[in-house]
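Examination of the molecular architecture
Chain by chain, the residues run as shown.
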Amino acid sequence: MCALWCRTGARFDRGSTLAVAAQFDVEGLAVAVTGGASGLGLAFVEALAEHGARVTMLDVDPTATERESERLRAAGFDVRGAVVDVTDHDGLDAAIDEAAATYGRLDVVFANAGIDPGPGFVGAWAGASRPRVEEGALEQYTDARWNRVIDINLNGVFATMRAAARHMRPQRSGRIIVTTSLAATKSEAVIGAAYMAAKAGAAHLMRNVALELAAFGITVNAIAPGFFVTNIGGGHAHNPDLQAAIAKDVPMHRVGQPDDIKGLALFLSSPASAYITGQEIIIDGGWGLGIAD
Ligand SMILES: NC(=O)c1ccc[n+]([C@@H]2O[C@H](COP(=O)([O-])OP(=O)(O)OC[C@H]3O[C@@H](n4cnc5c(N)ncnc54)[C@H](O)[C@@H]3O)[C@@H](O)[C@H]2O)c1
């Protein structure tokens, strides 16, 4: 139940003192992932659990939480599920506390839960025709729509990081990994404006928390995905025509699959990234660079 770094007396937060193979060892680490029952969060759960970590999947969807945690347990992995809404901060605190109590510590927390913001002011992701969409126009943007996205995609990240820090700071070690987005770095007209504001806010909050917690051996970083095929926004990303249109614009000419993100999740969770903090790592097949071919 103990990773190579702890069996050899090395420290989780001192990656450079380890042989390279041991630097990616996460066996026995205590992990929690919000939004862990689907898409990228599920990929984070799988990446860590498949490498021997003990993982709590926290998600608002009870059916998916039960189905996916049972599937992974049946495959022999140490995964537990708990239903929680990241907008319920007391409930989130209790769920993170329970995960930490179950494992006796808390090593890695992914603040990943997020929702699609609905339409932006244009109606197509790619291609020659990008018609304006009145429903997504600023003048039509409702407070309810704005507040819902900020509540989950920004306030939820704040509350998750706060709950994690309450365990990690006394421990004087830990990893917090926020899922932001390429939309934190550039505007995307096809998705609602609240998403850009929430993700850019989460990225800058990540940097501030990284600065605050660095002295306590806690690293705080972000993964900023481009276009990945998940169930977000009702699963529009599964549409092959949309994938083909996006892939045309992505310099690597394909969209991302959840498996593409597992290596980065493992890297940011493991001793290998011990000296990296406050960074937002974009994983997008080059999409943010511009159009090449
Ligand atoms: N898919 C992409 O292309 C993409 C790109 C950039 C960023 N992201 C971000 O990745 C993260 C994961 O999204 P995904 O694409 O895997 O979507 P997804 O819908 O497949 O998974 C999101 C999960 O979060 C859960 N969730 C939603 N609201 C919640 C809440 N209030 N409390 C707890 N859980 C909640 C959902 O039930 C779901 O299981 C989000 O933060 C999203 O903004 C996704």
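Residues numbered from 1 in each chain as written. Predicted model: local features only at pLDDT ≥ 70, side-chain atom pairs only at ≥ 80, totals over all residues. Heavy atoms only, no water.

**Details of the overall build of the protein**
The number of helices and strands found in the protein is nine helices and seven strands. At 19 Å, the protein has a C-alpha radius of gyration in line with the 19 Å of a compact globule built from 293 residues. Taken along its principal axes, the extent of the C-alpha atoms in the protein is 60 × 40 × 40 Å. Put simply, of all contacts in the protein between residues at least 6 apart along the chain, 73% involve residues at least 24 apart. Summing over all exposed atoms, the protein offers an accessible surface of approximately 12800 Å²; the carbon and sulfur share of this is 55%. The averaged location of the 33 negative side-chain charges in the protein is 7 Å from the averaged location of its 24 positive side-chain charges. (Helix = DSSP H or I, 4+ residues; strand = E, 2+ residues; numbered from the N terminus. Rg over C-alpha atoms; globule rule 2.2 N^0.38 Å. Contact = heavy atoms within 4.5 Å. Areas by Shrake-Rupley, 256 points an atom, 1.4 Å probe, with all protein chains shown as cover. Lys, Arg positive; Asp, Glu negative; His and termini not counted. Charge placed at Lys NZ, Arg CZ, Asp CG, Glu CD.)

**Focus on the side chain of Asp59**
Checked against the element boundaries, Asp59 lands in strand β2 (residues 54-59). For Asp59, the side chain forms a polar contact with the main-chain nitrogen of Ala37, separated by 3.1 Å. The contacts of Asp59, once residues within four sequence positions are left out, are Gly35, Gly36, Ala37, Ser38, Thr65, Ala82, Val83 and Val84. (Polar contact = N/O pair within 3.5 Å; in protein donor to acceptor, adjacent residues only side chain to side chain.)

**Considerations on the packing of helix α4 (residues 89-103) against helix α5 (residues 143-171)**
At a minimum axis separation of 10 Å, α4 and α5 run at an interaxial angle of 35°. Two packed elements cross with a definite hand, and for α4 against α5 that hand is right-handed. When α4 is examined against α5, the residues His89, Leu92, Asp93, Ile96, Asp97 and Ala100 are found in contact with a partner set consisting of Asn155, Gly156, Phe158, Ala159, Thr160, Arg162, Ala163, Ala164, Arg166 and His167. Looking at side-chain class alone, the contact of α4 with α5 contains seven nonpolar, five polar and four charged residues. (Axes fitted to C-alpha atoms, helices over the stretch in contact; angles between N-to-C directions. Left-handed = near helix turned anticlockwise from the far one by under 90°. Nonpolar A, V, L, I, M, F, W, Y, C, P; charged D, E, K, R; others polar.)

**A few points about the site of the ligand**
By nearness alone, 27 residues border the ligand, and Ser38, Asp59, Asn112, Tyr195 and Thr230 come closest of all. Between the ligand and Ile232 there is a distance of 3.3 Å, counted from an oxygen atom to a backbone nitrogen or oxygen. Spatially, the ligand is embedded in the largest pocket. For the shell around the ligand, the secondary structure elements donating two or more residues are α2 (39-50) and α6 (193-213). (Near = heavy atom within 4 Å. 1 Å grid on protein atoms, 1.4 Å probe; cavity = no way out; pocket = protein on both sides within 12 Å on 5 of 7 lines; lining within 4 Å. Sits in = over half its atoms within 2 Å of the grid points.)

**Some points on α5**
One turn of the α-helix equals 3.6 residues, which is why residues spaced by three or four share an orientation. With 29 residues, α5 ought to run about 42 Å at 1.5 Å a step, and its terminal C-alpha atoms sit 40 Å apart, in line with that. At Asp151, α5 shows its strongest bend, of approximately 40°. (Expected span 1.5 Å × (residues − 1). Bend = angle between axes of the 7 residues up to and from the residue.)

**Considerations on the layout of surface pockets**
Over the atoms rolls a probe the size of a water molecule, and its path tells where empty space is left. Space inside the largest pocket adds up to approximately 1000 Å³. Lining the largest pocket are 49 residues, with Gly114, Ile115, Asp116, Thr230 and Ile232 positioned closest to its centre. Secondary-structure elements contributing two or more residues to the lining of the largest pocket are α2, β2, α3 (62-74), α5, α6 and α7 (232-235). When residues of the lining of the largest pocket are assigned to their parent elements, the largest contribution, four residues, is made by α2. (Points joined across faces, edges and corners; volume = space filled by probe spheres on them.)

**Quick look at the sheet that holds strand β3 (residues 79-83)**
Strand order across the open sheet formed by seven strands is β3-β2-β1-β4-β5-β6-β7, with parallel pairing between neighbours. The open sheet has two edge strands with one neighbour each: β3 and β7 (280-283). For this sheet, the mean inter-axis angle between neighbouring strands, taken without regard to orientation, is 20°. Summarising the sheet, strand β4 (residues 108-111) and strand β5 (residues 174-179) pair through four bridges and their orientation is parallel. Bridging across to β5, Ala111 finds its partner in Val178. (Pairing = 2+ DSSP bridges.)

**Some words on the nonpolar core**
Grouped together as the largest cluster of nonpolar side chains are 38 residues, with contacts concentrated most on Ile96, Ile176, Val178, Leu213 and Val220. Membership of the second largest hydrophobic core comes to 30 residues, among which are Leu42, Val79, Ile177 and Phe228. (Core = buried A, V, L, I, M, F, W, Y, C linked by side-chain atoms within 4.5 Å. Buried < 20%, exposed > 50% of the residue type's maximum accessible area, 1.4 Å probe, protein only.)

**Concerning the pattern of salt bridges**
Applying the stated criterion across every chain yields a total of ten salt bridges. Glu68 serves as the salt-bridge partner of Arg71, at 2.7 Å between the closest nitrogen and oxygen. Of this pair, Arg71 and Glu68 are both found in helix α3, three residues apart, which corresponds to roughly one turn of the helix. Judged by relative accessible area, Arg71 falls into the partly exposed class, the value being 40%. Across the pair Arg254 and Asp260 runs a salt bridge, and its minimum N-O distance is 2.9 Å. What emerges from the salt-bridge pattern is a single network uniting Glu46, Arg67, Glu68, Arg71, Asp259 and Lys262. (Salt bridge = Lys/Arg side-chain N within 4 Å of Asp/Glu carboxyl O.)

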